[in-house]
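Results of the structural survey
Here is what each chain is made of, one letter per residue.
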Amino acid sequence: MEGSTEMSEDGAYLVVVDYEDERERKRAEYLLDNWEDGTIESLDGMSRVVRDVDIDELYDQLAAKVPEEELSAYELNRVDTEATQVQATIDETFDDVEAERVEWAMESIMKKRKAVDQGSTTDGESLWAVYTKKGRAEIQYDIREREQNTVRLHVVIDGFGEAPEFLREFIEEEIGYMIA
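Small disclaimer: the values here were computed from a predicted structure and weren't measured.

What counts as what
Residues numbered from 1 in each chain as written. Predicted model: local features only at pLDDT ≥ 70, side-chain atom pairs only at ≥ 80, totals over all residues. Heavy atoms only, no water. Salt bridge = Lys/Arg side-chain N within 4 Å of Asp/Glu carboxyl O. Helix = DSSP H or I, 4+ residues; strand = E, 2+ residues; numbered from the N terminus. Buried < 20%, exposed > 50% of the residue type's maximum accessible area, 1.4 Å probe, protein only. Pairing = 2+ DSSP bridges. pLDDT = per-residue confidence, 0-100. Contact = heavy atoms within 4.5 Å.

1. What about the pattern of salt bridges?
Scanning all chains against the criterion turns up ten salt bridges. Across the pair Asp-91 and Arg-152 runs a salt bridge whose closest N-O atoms are separated by 3.1 Å. Of the two residues, Asp-91 sits in strand S1 (residues 85–95) while Arg-152 sits in strand S5 (residues 150–160), which places them 61 residues apart along the sequence. Notably, a salt bridge pairs Asp-142 with Arg-144, separated by 2.6 Å at the nearest N-O pair.

2. Side note on the pairing of strand S3 (residues 126–132)
Note on strand geometry: in a regular strand, side chains alternate between the two faces of the sheet. In terms of burial, S3 is a largely internal element, six of the seven residues being buried. The pairing of strand S2 (residues 116–120) with S3 spans three bridges and is classified as antiparallel. Among the inter-strand pairings, Ser-120 is bridged to a residue of S3, identified as Ser-126. Remark: five residues form the turn of the hairpin made by S2 and S3, two consecutive strands paired antiparallel; Gly-124 in that turn has positive phi of roughly 85°.

3. Things to note about the confidence of the model for the chain
Put simply, the chain has an average pLDDT of 87, and 94% of its residues get 70 or more. Here residues 1–5 scores under 50 on pLDDT; set against residues more than four positions off or in separate chains, the count is eight contacts.

Pasting the structure below:
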């Protein structure tokens, strides 16, 4: 369904967002509360995902406990869809600069964006996770010294929405100030 504009028969979906901390919940809630297309509403009352039951029997039992006009049941089918991942890259070569200065600049930029150090990849590239107002992304970078004080910086930014391009522009601008 990637890139699709398909809708269910009645145009309604149940969207479930699992989150690890309050910041993730707030980011998802803000997006849903401010979405401009269609209608997004919070569920009132109680909701449960019910599996492997006789739904008619369960509904009858619920109707015996609460007024039927306060009940509704929907058949759920999982929608197979994936978010479209976006990638942005930076390849810069700096002359007459030491690799340590480029490393310092990249670490400073990551701290400025409040990125979280994820360690390094199996290839030895630095790996960072970043949250921005434009979305979240992972940044991998590799710094290689070449001949005659030439340093190559290779950055790969993987993410969703506008975040990768936003971060690419941000890093290019900042690195320009710090290494110029």
